[in-house]
Structures are given as C-alpha cells and as structure tokens.
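Here are the chains, one letter per residue:
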Amino acid sequence: MTFDEILTRVITLLQQEGRVSYRALKIRFNLDDEYLEGLKDELIEAKQLAANERGKVLVWTGGLALSSTPQTPDTGHRTPDARLQTLDPRPVSYTPKHLADRILAEQAAMEARALPDGERKTITALFADIKGSMDLIEDLDPEEARAIIDPTLKLMMDAVHRYDGYVAQSTGDGIFAFFGAPIAHEDHAHRALYAALRMQEEAKRHAEELRREKGLNLQLRVGLNTGEMVLRSIHKDDLHADYLPVGHSTSLAARMESLATPGSIVVSEHTHKLTEGYFEFKSLGETRVKGVSEPINIYEVLGVGSLQTRLQVAARRGLVRFVGRQNELEQITQAWERTRAGHGQIVGVVGEPGVGKSRLFYEFKLRAQKGCLVLETFSVSHGKAYAYLPLIELLKNYFQLTLQDDERKRREKITGKVLTLDRGLEDILPYLFFLLGLAEPTSSLQQMDPQIRRQRTLEAIKRLLLRESRNQPLLLIFEDLHWLDAETQAFLSLLGESVATARMLLLVNYRPEYQHQWGNKTYSAQLRLDPLGQAEASELLTALVGDDTKLQPLKQFILEKTEGNPFFMEEIVQALVEEGVLVRDAVGAHSVRPLPADLHIPTTVQAVLASRIDRLPVAEKELLQTLAVIGKEFSFSLLKQVVNQPEDTLQPRLLRLQEAEFVYEQPAFPEIEYVFKHALTQEVAYNSLLIERRKVLHERTAQAIEKVYSDKLEEHYSELAHHYGHSGNTEKAVEYLRLAGRQPMQRSANEEAIRHFTAALQLLQTLPETHERIQQELSLQIALGVPLQAMRGSAAPEVEKVYARARELCQQLGDAPQLVPVLAGLWVFYLLRGELEITHELAEQIFTLARDVEAPALLLQAHRMIGITLFWRGELAAAKSHLEQAITLYDPQQHRSHAFLYYGLDPVAVCLSIAGWTLWQLGYPDQSLTKSREALTLAQELAHPPTLAFVHIFTATTHRFRQEIQVVQELIEQTIRISRLIAGLMRYLNSSDLRGSKYRSAKTLISR
Ligand SMILES: Nc1ncnc2c1ncn2[C@@H]1O[C@H](COP(=O)(O)OP(=O)(O)OP(=O)(O)O)[C@@H](O)[C@H]1O
Ligand SMILES: [Mg+2]
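If you're wondering where the values come from, they're calculated on a predicted model, not measured in any experiment.

(A) Region of the structure containing the overall build of the chain. Per the secondary structure count, the chain includes 44 helices and 21 strands. In the chain, buried positions account for 55% of the 1008 residues. Only carbon and sulfur atoms are counted for the fraction: they give 50% of the accessible area of the chain, which is about 44,100 Å².

Right, dumping it as structure tokens:
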C-alpha cells in the first residue's frame, strides 16, 4: 500500500472508531516507526484531523467520530476480524469493468488537469454493515464464516454498483461507498437510496435462506448523508481512492448507520431534503450528534415514494403560476390539431435542465385532455442500464396496473383490455406478459432467440398503440430521452416510422446533448426551449415572492444569477427561504435579513450543473474551470495569457464550450468577449477547484491583466483587487482596492467606493502592524469618510467612527499632515448635530494647524470652517470676513480635488452660499442674492452633483428669504432631480439630525 492509501484507510478507521492506539496502527498496517511518524505528522499537523493523546493514542478531531470509547464487541464497528478479511480489499477486485473504466477515465482527467490535490465534489456517502457480525459467526469455522459474510458483502457492493456508486472500502463486515464521485451524477442522493433499498431487499432474501438453513439471523444497517469531500486521486493499479471528507460529510453517514436499527436505512436531514417525495420516510425526530452544535433531524427510509419526476415533486409543493411560452404551446397545439385530423406528428422539445420542458408538457396536457388518451413515460438518470424501463412504465399506465394488483390480477387486466380493444391482438399477449415479468416459467418465450424476442416485443407494443389510436387520438409523452436505454430508443425509432398515418402525437423532450433522429421527417419538428426572457423571468419571480418593491434588489440579484432558468429561480428562492433570508406569507415574501454576500448554491442546482461539467472532455473541463476563475466575462487575449496555450489548441476548445452552451460570444470592442451563460455554472466550476489551485489561477489572472491591459489599467482596478485578494497577495489587493475606490467617487458612485475602501481596510488588518500599514489605514479611512458622508449623512455615527479612528492613527504617526481633513470630517459631524461648542473648538484647532503649515489650501479650508461655525453661532460680521478670505484664496484648478477630500463638497461653492445667507442676515438683500447666484454659477461650472444639489437648496433659501416663491419652487424641483441622482444627498436632506432640535433652535436664532 502506498502512503496515501494507508492515510485514507486510517482516516476511515478513525472516523469509525474515534480513537486508535499507535501500536494497533503499527500492527494493522505493518508500519515502522518512521512511517508512523509520517502518518502522525500528516494527520495531526498538516490536516488537523486528529490529536495525539499521551503519546499513545490517535484521537479523531476532524468532525464527529462514531465513538470515543473503545469498541465493545456488539457495536458492529470494530477492527475487521481476521476471519472477515477474506475478500480482496482492493476496489479493483470488486468494481465491475464498465465502472472501473469510467473511474479510470476520471482519474486520467484529473491527472491531465494537473490537479495534484484533487477536486471538491458533492456526494452522498453510504455506510452499510452486518449488525452483530461477530456474534453471528462466533461459533463457526473461518470457512463457514466466509460463506456467510462474503455473499452479503457482495450483495451490498452489487447494489452500489447497480446505481453507479463507488465502493471505496470494504471494512470486513461492511462497506463504505459514495455516489457522485468519481463519476458525477446529478441525482447522487436518489441513486444512493435506491442502492440502500436494494441492498436491504437482497439481504432479506439472503437472510431468509440463512435462517432456514443455518438458523442464523443476519441483518444490515445502512446510513447515508450528503455533503462535500475532496477526491484527491484514484490509484490506477487497484482503483483505490484517496479522499478527504469536508466537514462531517462522511462521518455523519457512518453515524446514521450506527443509529439505524437492524434491517433499516437511516438518512440525515440533508439527504432527506434532496429525496423527499421520491421516497417514503418516517421521521425519527432530532438527534444530537457529537461534534455538531445543533441537533439534526434524522429519517428512516421506508421505500420508494409515489412521485417519480422532479415536476411531480414540484407539483406537490404547489406549482408556481405558469408564465410565457405561448408560442411553444401554440406550436404543439397545431401539431395536435393535425394529429386529430389523422396526420400524426412528432414534436421534440430540446432545452437545458430546468428550463421548463416538463412543465410545458404538463400545461399542454391540461389543455388537450378531452376526447383523447394521454400516455406518459420517462427515463431516469440511471436508466441507460435498464432496458425497457420507460416502456414498462408506459404499459403499466396503459393497463392501469397498481402495486396492489397481484400477478393474476395483472394478467387479467392486460388480457381484458387487449381483447376488448381487438381480438386480433391476442398474439401480442405473451410478449406483454414477458416484458412485464408475468410470463409463466414454461412460456416458449423463455427459449426464444433474444433478438427475435426483442423485435417482436417492440412490434407488439407498437401494434397495441396504433390500434388504440384508431379508437381515440393518442398523446404519447416520452420525457428525458437523453437518459434513454437502447431498447426504448429502438422502440421509438420503430414507432416513429408509423406515426404519420396514425392519430398519434409523439411528444418527446431532451437536453441538448441528445441527438434526435427524426430531423428529416416532414411530420416532425424540433422546438428549442430557451430560458425565459427578462419580462417573463420577472413575472415568475413575482409569482414566487410577491411584488413588494423592497424585494427589487433581491429579484435583480436572482435574475442575474439564474438568467431566466425557472428551476434555478425556484431553487434559489427556496434556499433563501430555508436560510431565513426570505419569509413567505399569504401575500408573498418579504426579506428579513440582508442578502448574503455569496449565495449558497442549492445542492439540487449544484448537482445538475456539476454533472454537466463533469461530462466534458478533460481539456475542456479544465478550460472551463480556468475561465470560472478569470470571471464571468473575459477577452480572448486575456484568456490566452492566462492559460498559456497555443491559439490553435485553445480556439477549438473554446469553440466546443460555446457549442455546449457553457459560454457565448459577445461582440465588444476592440475584440470579442466571452461570457458565461449562467453565473451559476461559473460558480459551480469555480467551487470544484481546490482553494490552493484557485489561488494560483487568481494570481496568474491578475498578472495577465497587468500585462494585457498595461496601458489602461485603471479600467481593471477592481478586477485586479478581486484576483489579488483571492490569490493571497494582500499588499497588491489593498493597493488596487484603494485605487478602485477613488474611481467611483469621481463619478459619485459612492456605495461602490465605500465597498472598495471597506474591503481594503479589512484586508489590511491581516497584514502585520507596521508604520506603513498605519499610514495606509489612515489614508483609507480618510478616503472612506467622504463617500460615507454623502451616503449616510455627515452626522451619521459611522462617519464619526471613521474620523475618530483616523484621528487616533494621526496621533500614532505624530504630526500627520492628514490631520486637517480628519478634523474637518469631525467638524462637519458635530456641526450637523448642532454641537456648536465642539465645532468651534475643532475649527480653531484646524485654523492653528493651517496657519503653522502656511499652506494656502489648508488655510482656505480653515477659513471656511470657522466662517461657517461663526455663522451658525450668530457672529455674522466675523463669519463674513472669514468666508471672504476663503473665497479669495480659491484657485479652482488647484482646489477642485477638495470636494473629494473634505466633506464631499466644493469649498468655495459652500462659502459663497453661506456668505449669501450671512449678507441677508446682515441686512444686504441684493448682495446676498448676488453671492448666492455666484455660488450657483460656480456649481454649474464644476458639475459636481453633490455640490450642485447643496448650492441649489441654499440658493432656494435665499430666494425664500426674499419671498420669491416661484424661483424657490423651481430650484427645489431641480434639487430633487439632482438628489434623486445621488440618493445619498436625499438622505442628507431628510436627515433627522438636520431636523434635530438644536439645529432648529440655531435656525430660529438666526432668522430672528
Ligand atoms: N414557464 C414557466 N412558468 C412557471 N414555472 C415554470 C415554467 N417553466 C418551468 N417552470 C418551473 O421550473 C421548474 C423546472 O421546470 P421543468 O421540470 O419543466 O424543467 P425541465 O426542462 O423539464 O428540466 P429537466 O431537463 O431537468 O427535466 C418546475 O418546477 C416548473 O414548474
Ligand atoms: Mg423535465
């Protein structure tokens, strides 16, 4: 065994047993001291999955363990007894060839992708064991014991393999298996449950024999859980998989097994949620599980449920109002009209998973049902290996066979119906019986050549349906042909030849990977079902969550993520409800918590997308993962730089991703851009990469951007910050965030600026505290202050917090030149809160600083602040003098940038406005108006929206003093228009602080 193999086995052992002594490990795996040390280092230090106890015992810490106490013989979990270790434990010995080939292909793919550390996968884990195996075989000799255990293990494995699962380990008296990896399946949880049920069914049969022959009582326990794991590698020689569980994924499955009473199957909440409706469950209530803080609900699986398709499950939840698709319905209706007139038709609807193919059929059925016979069937994802499944289902529907009918009853129903339809069909009966498993053991069909039997069976069903269509129009629905088995495929081809002259509409649907065969027939049509358009998607969302305007941002967010795929929309809304972000009531939904920054992709959606991605050939899958790191949109030259492949290799791969509709081209200048079709595909592909690999790709992407766009880097600051942030290059990330934050401010896109600066500040905290870091933090805090003032109002507590912290940083740095803008931020804060004493002190302090430094720019600000403070204090003459000095010092070229440093407004536009008011109060109405108008002209020249809004409102007040109501109204209307543009200023205008009592009293004082 290689080191990795031993490591994986020890992990599984520890998960099951909780603790193992070093001695036992050495004996069990034949380890020398050095090997043992290596294992300890890996488990304790590197992976942090276990701890050392007194230098003697290894204790599992990587999530819950099954037991932390030494095992007693009857727990069922123990060291596999030597007597039980009879089967060859290497997966290669028991994995069927067709699965082994697919698993090896997957490994080759991982190698080709150069993923030394493997990939993340969502899987369903299954543990099964023979309850009390020790007691069972206690008195038997080893050979006899083997004769009992081996067939049992074999039937467990067969059940897993039947549903394309992977048996990772045989533990002597049980197995550990997973579904969803190495081979991805969108329905891994369903497959795992089918396997579990089959296992129990077979075991019961086997146990019955044992009881009769040997008086033994054999029972299995099965436990399942769905979660994530990292599949590291699969060994080519023996198919052994190295994997690491993420969180409790596999240990919780083991725990479920230990909770199962003998003969039963227990699943965790997560697995239950994914399979509810498809299976019958009994709730076993809540259970506390060691290592998991909240109790979890567990369920016993009773059997297969009544629902079989996703749409049936959705229908039970209550179908959402049907939107759009009127054209498609119309086209199917036309085909149906022609069919009824005796010209049979075939309509194939093709579309991506979840786009609404099944729903379209469902809606059509509702409209078409009168005076016809509807027969429906479908293939299932594990159906390719099961010949005839859809046909059997179809016949069961036609003959209305139920689970309660015994064999005799079934034969009667079939015979009765066929002979009533047409006595001439009597010869098809044996074939129908045979297909439905009702044939007598003596039937001549048993001996017939299989090829001939197959052909005649298909003919029989065709004749039956064609005959029926003479009595009444037949609507035959076959869903999900992409999973069709070869026999049913052959049947459809056969039937397709005869449709044209029958009153039969063959309505089929499939995903794009299926190639249909009726393209050249005049009576066949293919309908392409695209995602819902913007308007319909919004309508669907409204149907899902109501039309509360407060939910608009959430709706927008969902629309962007799902791009009109109704299934994705429903699942995301459902996930938000489950996460408590949305609460639904009778009228609709409302948001109770802010939107999470990164949306948790529902497992259902994840599974659909992951299995699509996993079906891609290696090179394309790798490319898709790289694209997922680069971003939702990217140019070809950037991509080329990142992947570093020759163009003639890269182009065809990209083309295939386009053909498979993962990405599409978008015209852009100067070169074409590529865009992910679904943001969710991008996220799923991204999440499948291990964090280390993502880091490397992010760093490469950032460097590629710096290179490819070196002449216009400013257009890519936030992308660069994103990539460096995720590559672990914090210094660069902070720098780009700072640069990115300054850009939106110049466009007054303040929220964006706040986001960038806040992110930069957070990242900065992860760096060691150096002089340079303090300096960086200070400039970031100051930069953050201004957009915060604009968006939250200058008197908001966040604003004070930012400037107070900045003042502290200035003190740490000694005499920092930035102190002036910092004090200025605090000054406005206290001014607007009406705390005029502190305001005055701060203004004086600024004035002293500015005078000492002798910088005209600072002096200008100082005069402004003192002037304004004095105005509000009612010291009008002094106020006037300071404001005029500020105005004299102004150089529009040089001081324009002040609007981004102080207060978010141009200093002189403000001074002119306040000077206008001062002059009014002093008794110079005409001069007052002139100043106010000058302020307006300046603001218009500057075209800086916040300044413009501010000056408008101040000028309007001057006109109000003059009782020029018409002008006041015009100015106010303009203010509202500008302010709508900058929602933050609206907040300023409405700010409660502005209407605070201190402010009011100051105003009253002045107007007196
Ligand atoms: N036009 C629509 N209006 C409202 N809901 C829709 C519409 N189309 C689909 N849905 C809903 O979206 C979900 C997914 O649709 P559906 O099951 O028909 O997808 P599908 O294309 O058949 O997917 P798959 O390929 O996986 O079978 C269902 O719950 C369905 O009710
Ligand atoms: Mg469907």
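(B) Summary view of the site of ligand 1. The full set close to ligand 1 counts 23 residues, and R310, G354, K357, S358 and E570 are the nearest of them. One of the backbone nitrogen or oxygen atoms of G356 is found 2.9 Å away from an oxygen atom of ligand 1. In the environment of ligand 1, an oxygen atom lies 2.8 Å from a nitrogen or oxygen atom belonging to the side chain of R511. In isolation ligand 1 offers 640 Å² of accessible surface; the protein chains occlude 97% of this area. Residue assignment for the shell around ligand 1 shows that the elements contributing at least two residues are α11 (310-317), α13 (357-368) and α21 (566-578).

(C) Up close: helix α20 (residues 552-562). Listed as buried for α20 are L554, K555, F557, I558, L559, K561 and T562. Against α19 (534-545), α21, β17 (582-584) and α26 (679-687) lie the buried residues of α20. Note on α20: the residue one or two positions beyond its end, E563, has a positive phi of about 50°.

(D) Representation of the nonpolar core within the structure. The biggest cluster of nonpolar side chains holds 146 residues, and the ones touching the most others in it are I558, M569, L627 and L639. If one sorts the elements of this core by residue count, helix α33 (residues 819-832) sits on top with twelve residues. With residues up to four places along the chain from it excluded, the contact list for L627 reads F634, L639, L654, L657, V663 and F676. Judged by nonpolar contacts, the second largest core, of 49 residues, contains L375, L464, F478 and V499.

(E) Fine view of the sheet that holds strand β16 (residues 524-528). Within the open sheet, the five strands sit side by side as β13-β14-β15-β12-β16. Their pairing is parallel. Because the sheet does not close on itself, it has two edges, and the strands there are β13 (373-378) and β16. Each neighbouring strand pair of the sheet contributes to a mean axis angle of 15°, computed without reference to strand direction. In terms of strand pairing, strand β14 (residues 474-479) meets strand β15 (residues 504-510) through five bridges, oriented parallel.

(F) Main features of the packing of aromatic side chains. Under the criterion given, the structure shown has 24 aromatic pairs. Ring centres of W336 and F364 lie 6.4 Å apart, and the angle between their planes is 85°; on these two criteria the pair is classed as edge-to-face. Taken together, the residues W336 in helix α12 (residues 326-340) and F364 in helix α13 connect sequence positions 28 residues apart. Relative accessible area serves as the criterion here: at 3%, W336 is assigned to the buried category. Classification of F364 by relative accessible area gives buried; the value is 2%. Centroid distance F636 to Y674: 6.5 Å. Interplanar angle 55°. Geometry classified as tilted. With F636 in helix α24 (residues 636-643) and Y674 in strand β21 (residues 673-676), the pair connects residues that are 38 residues apart, well separated along the chain. Just as F636 is buried, Y674 falls in that class too. Stacked on the ring of Y22, the Lys or Arg K40 has its end atom at 4.3 Å from the ring centre.

(G) Here's a closer look at the pattern of salt bridges. In total, this model carries 40 salt bridges according to the counting rule given. K26 serves as the salt-bridge partner of D33, at 2.4 Å between the closest nitrogen and oxygen. Between R873 and E837 there is a salt bridge, with its nearest N and O atoms 3.3 Å apart. With R873 in helix α35 (residues 856-873) and E837 in helix α34 (residues 836-853), this residue pair connects regions lying 36 residues apart in the sequence. The exposure class of R873 is partly exposed, given its relative accessible area of 28%. A residue is classified by how much of its surface remains accessible, and E837, at 55% relative accessible area, is exposed. Beyond isolated ion pairs, a larger network of salt bridges with shared partners links R198, E201, E202 and R205.

(H) Quick look at the packing of helix α39 (residues 907-922) against helix α41 (residues 945-961). Here α39 crosses α41 at 10°, and the two axes come no closer than 9 Å. As the angle between them shows, α39 and α41 are arranged roughly parallel. Only T947, F950, V951, F954, T957, T958 and F961 of α41 make contact with α39, whose side of the interface consists of A909, V910, S913, I914, W917, W920 and Q921. Partitioning the contact of α39 with α41 into residue classes produces nine nonpolar, five polar and no charged.

(I) Main features of unusual backbone geometry. Cis rather than trans, the peptide bond between A181 and P182 has omega equal to -10°. Of note, P182 is situated in the loop between β6 (174-179) and α8 (188-214). Residues other than glycine seldom take positive phi values, yet R325 does so here, at roughly 65°. Assignment of secondary structure puts R325 in the loop between α11 and α12. At D480, a residue that is not glycine, the phi angle is positive and equals roughly 60°. By the element assignment, D480 lies in the loop between β14 and α18 (486-498). Classification of D480 by relative accessible area gives buried; the value is 15%.

(J) Inspection of the sheet that holds strand β19 (residues 633-635) at higher detail. One open sheet holds the three strands; their spatial order is β19-β21-β20, and the pairing between them is antiparallel. On the outer flanks of this sheet lie β19 and β20 (663-666), each paired with one strand and no other. Across the sheet, the mean angle separating the axes of adjacent strands is 30° when strand polarity is ignored. Docked against the sheet, α24 engages β19 and β21, running at close to 85° with respect to β19.

(K) The environment of R933, seen in detail. Examined against the element boundaries, R933 turns out to sit in helix α40 (residues 925-942). For R933, a relative accessible area of 34% corresponds to the partly exposed category. When the C-alpha positions of R933 and S913 are compared, they lie 8.3 Å apart, and in sequence the two are 20 residues distant. The contacts of R933, once residues within four sequence positions are left out, are H959 and V967.

(L) Quick peek at the packing of helix α31 (residues 771-792) against helix α32 (residues 797-813). Viewed as axis vectors pointing N to C, α31 and α32 meet at an angle of 155°, and their least axial separation amounts to 9 Å. Judged by the inter-axis angle, α31 sits roughly antiparallel to α32. The way α31 lies across α32 gives a crossing that is left-handed. Classifying every residue of the contact of α31 with α32 gives 13 nonpolar, six polar and four charged.

(M) Representation of the confidence of the model for the chain within the structure. Confidence in the prediction of the chain, expressed as mean pLDDT, is 83, and 88% of residues score 70 or more. Mean pLDDT across the secondary structure elements of the chain bottoms out at helix α44 (residues 997-1007), with 36, and peaks at strand β9 (residues 265-268), with 95. Taken as a whole, residues 64-86 scores under 50 in pLDDT and shows 63 contacts with residues more than four places along the chain or in a different chain. Confidence drops under pLDDT 50 across residues 984-1008; counting only partners more than four residues distant or on other chains, this segment forms 34 contacts.

(N) Looking closely at the environment of E715. Following the sequence through the fold, E715 ends up in the loop between α27 (691-708) and α28 (717-727). The spatial distance from the C-alpha of E715 to the C-alpha of A740 is 8.9 Å, given a sequence separation of 25 residues.

(O) Focus on helix α9 (residues 249-259). Along α9, nine of the eleven residues are buried, which leaves the element largely enclosed by surrounding structure. Regarding α9, the residues found buried are S249, T250, S251, L252, A253, A254, R255, M256 and E257.

(P) Focus on the pairing of strand β8 (residues 241-245). Taken across its five residues, β8 has five buried, putting it largely inside the fold. Burial of β8 is two-sided: the residues A241, Y243 and P245 facing one way and the residues D242 and L244 facing the other way are all buried. Alignment of strand β7 (residues 220-234) against β8, held across five bridges, turns out to be antiparallel. Counterpart to I234 in the pairing with β8 is A241. The antiparallel pairing of β7 with β8 creates a hairpin that spans six residues between the two strands, and L239 there sits at a positive phi of about 65°.

Conventions used here
- Residues numbered from 1 in each chain as written.
- Chains lettered and ligands numbered in written order.
- Predicted model: local features only at pLDDT ≥ 70, side-chain atom pairs only at ≥ 80, totals over all residues.
- Heavy atoms only, no water.
- Helix = DSSP H or I, 4+ residues; strand = E, 2+ residues; numbered from the N terminus.
- Buried < 20%, exposed > 50% of the residue type's maximum accessible area, 1.4 Å probe, protein only.
- Areas by Shrake-Rupley, 256 points an atom, 1.4 Å probe, with all protein chains shown as cover.
- Near = heavy atom within 4 Å.
- Polar contact = N/O pair within 3.5 Å; in protein donor to acceptor, adjacent residues only side chain to side chain.
- Contact = heavy atoms within 4.5 Å.
- Core = buried A, V, L, I, M, F, W, Y, C linked by side-chain atoms within 4.5 Å.
- Pairing = 2+ DSSP bridges.
- Axes fitted to C-alpha atoms, helices over the stretch in contact; angles between N-to-C directions.
- Phe/Tyr/Trp six-rings, centres within 6.5 Å; stacked < 30°, edge-to-face > 60°.
- Lys NZ or Arg CZ within 6 Å of the ring centre and 35° of its normal.
- Salt bridge = Lys/Arg side-chain N within 4 Å of Asp/Glu carboxyl O.
- Parallel < 35°, antiparallel > 145°, perpendicular 65-115°, else oblique.
- Nonpolar A, V, L, I, M, F, W, Y, C, P; charged D, E, K, R; others polar.
- Left-handed = near helix turned anticlockwise from the far one by under 90°.
- pLDDT = per-residue confidence, 0-100.

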